[in-house]
Amino acid sequence: MDADGFYRRILPSSLISFSSPEGRQIFAEALANGGMEGYFAIAEQFHTQSEPAFCGLGTLVVILNALAIDPGRIWKGLWRWYSEEFLDCCQQLSLIKQQGITFDELVCLARCNGAKAESYRYEQSTLENFRKAVIKTTASPQGLHMVVSYSRQVLGQTGDGHFSPIGGYHPRRDLVLILDVARFKYPPHWVSLSLLWDAFRPIDETTGKCRGYVLLSKSDISSQTFYHVAVDRYQWAAIAPYFTDVLPTMLAQEQPNSLLSMVDVILRHLPSQFTYLINTTVDDVPTESQQIWHNLSQEILSHPLLAALQKILFTQNWQETTVAGQWLLREQNLAQFLTLLLLSCPKELYKTLNSELLHQIYQMRDLEKLPPLMRQEVAKLREQMSALQELLSVSS
């Protein structure tokens, strides 16, 4: 490799540069035929990946901003906006910088950040179904976009695994526009749809699986939320067994017969790792959202689960001798945090309760029975935990 580095690569002859005369002609024809409807939302937000291994993160930044999803966190100054540093909930950024992300990690990140994700690996789809999905996404003026995960080698490019958004489709020539987020390496280009399909087939050595494509749209869950899961896949791997095994075993052994005794058992066995499971943006609530935050707090304070938690927590014995009591010394809103945790965590936690108590807690956890702001918070937290749990399952 030249000590002075590289300034871009030459596109293989099988690919057509977007800005070339032929590429512009293809664009004009595709636009006239309705195959560029999704292009403009992506073009408005197009972004070059900020690190050589950040193609997955760079692609997600483009799509999340194109979908107008509010990250709920400050980016710079007073502005909330997606940037790669926010996409750390499923994998550590330091590791992503070294090795990139996998297909399943991209799906996890999308779900954790307010997008619906329909993922299809090569073996889970067909060429014709892929073509139908391309037509559907490129004909949608807003709200639905496609990300592809493919082997560059099949396209005659250097390198191997890569992510980028799809920007358009030319039906007569069966060409797909790849808006390559590594613009320092290759410009956006048109590629045969069947060749791109073939580029999904090679096995990713990291996962032992084929690559594929993901359809992304905005989640029904409001982006105006104040709590989010704040652990990566490795931290979740240490926490998850408490929901599926440790705490259910403790509940089976002690057989609580009331909501109060159930809460007592759970709190006595919570590990210290739970202190960083969920973060809140309460300290950064903008002025226009402070009333919403106040209303949310009032909803939580009125929930019967919070009353049971307070009865247990606010005793001298709990404050002095338990993990939860130690939290109380530094967590002003501990009871509210624990209320949302017990409403949002995997339902497997409660599987060993007696039928009467199980029915009671499931009624409390029913989203339709929660007040509106709590419903949004719990739905978002459940989706994030579910994404992490599925990532853990496919990676094991």
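All of the points below concern the structure found in this document.

Reading guide: rules and limits
Numbers given to residues run from 1 along each chain, matching the order in which its sequence is written. Only residues with pLDDT of at least 70 get local features here, since the model is predicted, and only at 80 or more are side-chain atom pairs given and counted; chain-wide, interface and lining totals rely on the full set of residues. No hydrogens and no water enter the side-chain calculation; it runs on all heavy atoms of the structure. Helix and strand definitions follow DSSP, with helices as H or I runs of at least four residues and strands as E runs of at least two, each counted in order from the N terminus. Atoms considered for the radius of gyration are the C-alpha atoms alone. The globule rule reads 2.2 Å times the number of residues to the power 0.38. Under the scheme applied here, a residue whose accessible area is under 20% of the maximum for its type counts as buried, over 50% as exposed, and between as partly exposed, the area being computed with a 1.4 Å probe on protein chains only. Here, residues are in contact when the closest pair of their heavy atoms is within 4.5 Å. Pairing between two strands is assigned when DSSP locates at least 2 bridges connecting them. For every element, the axis is a line fit to its C-alpha atoms; helices are fit only across the contacting stretch, and the angle between N-to-C directions ranges from 0 to 180 degrees. Multiplying 1.5 Å by the residue count of a helix minus one yields the expected span of that helix. Here a polar contact means two N or O atoms within 3.5 Å. Within protein one must be a hydrogen donor candidate and the other an acceptor candidate, and residues neighboring in sequence count only if both atoms are side-chain atoms. Side-chain atoms within 4.5 Å link the members of a nonpolar core, which is a set of buried Ala, Val, Leu, Ile, Met, Phe, Trp, Tyr and Cys residues. Put simply, a disulfide is two cysteine sulfurs that come within 2.5 Å. Working definition: roughly parallel below 35 degrees, roughly antiparallel above 145 degrees, roughly perpendicular at 65 to 115 degrees, and oblique for all remaining angles. Crossing chirality is assigned from the near helix's rotation relative to the far helix, an anticlockwise turn below a right angle marking it left-handed and a clockwise turn marking it right-handed. Residues are grouped as follows: Ala, Val, Leu, Ile, Met, Phe, Trp, Tyr, Cys and Pro are nonpolar; Asp, Glu, Lys and Arg are charged; all remaining types, including Gly, are polar. Two rings from Phe, Tyr or Trp (for Trp, the six-membered ring) form a pair when their centres are within 6.5 Å of each other. A pair whose planes differ by under 30 degrees is stacked, one over 60 is edge-to-face, and the rest are tilted. Geometrically, a lysine NZ or arginine CZ counts as sitting over a ring once it is within 6 Å of the ring centre and also within 35 degrees of the ring normal.

1. What to know about the overall build of the chain
Across its full length, the chain holds 16 helices and eleven strands. The C-alpha atoms of the chain give 24 Å as radius of gyration, which agrees with the globular expectation for 396 residues (21 Å, within 12%). With respect to the three principal axes, the spread of C-alpha positions in the chain is 75 × 45 × 45 Å. Counting every position in the chain, which comprises 396 residues, the buried fraction comes to 53%. For the chain, long-range pairs separated by at least 24 residues make up 70% of all intrachain contacts whose partners lie at least 6 apart in sequence.

2. Observations regarding the sheet that holds strand S7 (residues 175–178)
Judged by pairing direction, the sheet is antiparallel, and its seven strands sit side by side in the order S1-S8-S7-S6-S5-S9-S4 without closing on themselves. Bordering the open sheet on either side are strand S1 (16–17) and strand S4 (115–121), each of which pairs with just one other strand. Pairing between strand S6 (residues 161–170) and S7: four bridges, direction antiparallel. Bridging from a neighbouring strand, His170 pairs with Leu175 of S7. Each of strand S5 (144–151), S6, S7 and strand S9 (212–218) touches helix H6 (residues 127–138); the most contacted strand, S5, lies at about 140° to it.

3. Some points on helix H16 (residues 372–395)
Between its first and last C-alpha, H16 extends 35 Å over 24 residues, near the 34 Å set by a 1.5 Å rise per residue. Residues of H16 that are buried sit in contact with helix H5 (103–112), strand S10 (227–229), helix H8 (233–254), strand S11 (278–280), helix H10 (290–301) and helix H14 (334–344).

4. Some remarks on the side chain of Arg121
Summarising the element assignment, Arg121 is placed in strand S4. Under the relative-accessibility criterion, Arg121 is labelled buried at 6%. Of note is the side chain of Arg121, whose polar atom sits 2.7 Å from the side chain of Asp104. Not counting chain neighbours up to four residues away, the residues in contact with Arg121 comprise Phe103, Asp104, Lys209, Cys210, Arg211 and Gly212.

5. Re the pairing of strand S8 (residues 189–192)
In this sheet, S8 lies alongside S1 in antiparallel orientation, the contact comprising two bridges. Within the sheet, the bridge partner assigned to Ile16 lies in S8 and is Trp190. Direction of pairing for S7 relative to S8: antiparallel, over a ladder of four bridges. Bridging from a neighbouring strand, Val176 pairs with Val191 of S8.

6. With respect to the nonpolar core
Counting residues in hydrophobic clusters, the biggest one holds 96 residues, and the most contacted among them are Trp190, Met262 and Leu277. With eight residues, H14 is the single largest residue contributor to this core. Among residues more than four places away in sequence, those in contact with Met262 are Leu251, Pro256, Tyr350, Leu353, Leu357 and Ile361. Of all hydrophobic cores here, the second largest spans 25 residues; its members include Ala133, Met146, Leu155 and Val176.

7. What about the state of the cysteines?
On inspection of all chains with the given rule, the structure shows one disulfide. Not engaged in a disulfide, the cysteine Cys89 finds its nearest cysteine sulfur in Cys112; these two sulfurs lie 3.7 Å apart. Cysteine Cys210 remains unbridged, with the sulfur of Cys55 as its closest cysteine sulfur at 18 Å.

8. Comments concerning unusual backbone geometry
A negative phi angle is the norm for most residues apart from glycine, just as the trans form is the norm for most peptide bonds. Despite not being glycine, Asp174 has its phi angle at roughly 55°, a positive value. Structurally, the position occupied by Asp174 is in the loop between S6 and S7. Judged by relative accessible area, Asp174 falls into the buried class, the value being 16%. Of note in this structure, Gln255 is not a glycine but carries a positive phi near 45°.

9. A closer look at the packing of H8 against helix H9 (residues 259–268)
Put simply, H8 and H9 touch, their axes get as near as 10 Å, and they point 135° apart. Looking at the two axes, H8 sits oblique to H9. Two packed elements cross with a definite hand, and for H8 against H9 that hand is right-handed. In contact with Leu247, Met250, Leu251 and Glu254 of H8, H9 contributes Met262, Val265, Ile266 and Arg268. Grouping the amino acids of the contact of H8 with H9 by side-chain chemistry returns six nonpolar, no polar and two charged.

10. Quick look at the packing of aromatic side chains
Within a pair of aromatic rings, the relevant descriptors are the distance that separates the centres and the angle that separates the planes. On inspection of all chains with the given rule, the structure shows 17 aromatic pairs. Ring centres 5.3 Å apart and planes at 65° place the aromatic pair Phe226 and Trp293 in the edge-to-face group. With Phe226 in the loop between S9 and S10 and Trp293 in helix H10, this residue pair connects regions lying 67 residues apart in the sequence. In this structure, Arg9 packs its charged tip against the face of Phe6, placed 4.3 Å from the ring centre. Over the ring of Tyr234 we find Arg233; its NZ or CZ atom is 5.6 Å from the centre of that ring.

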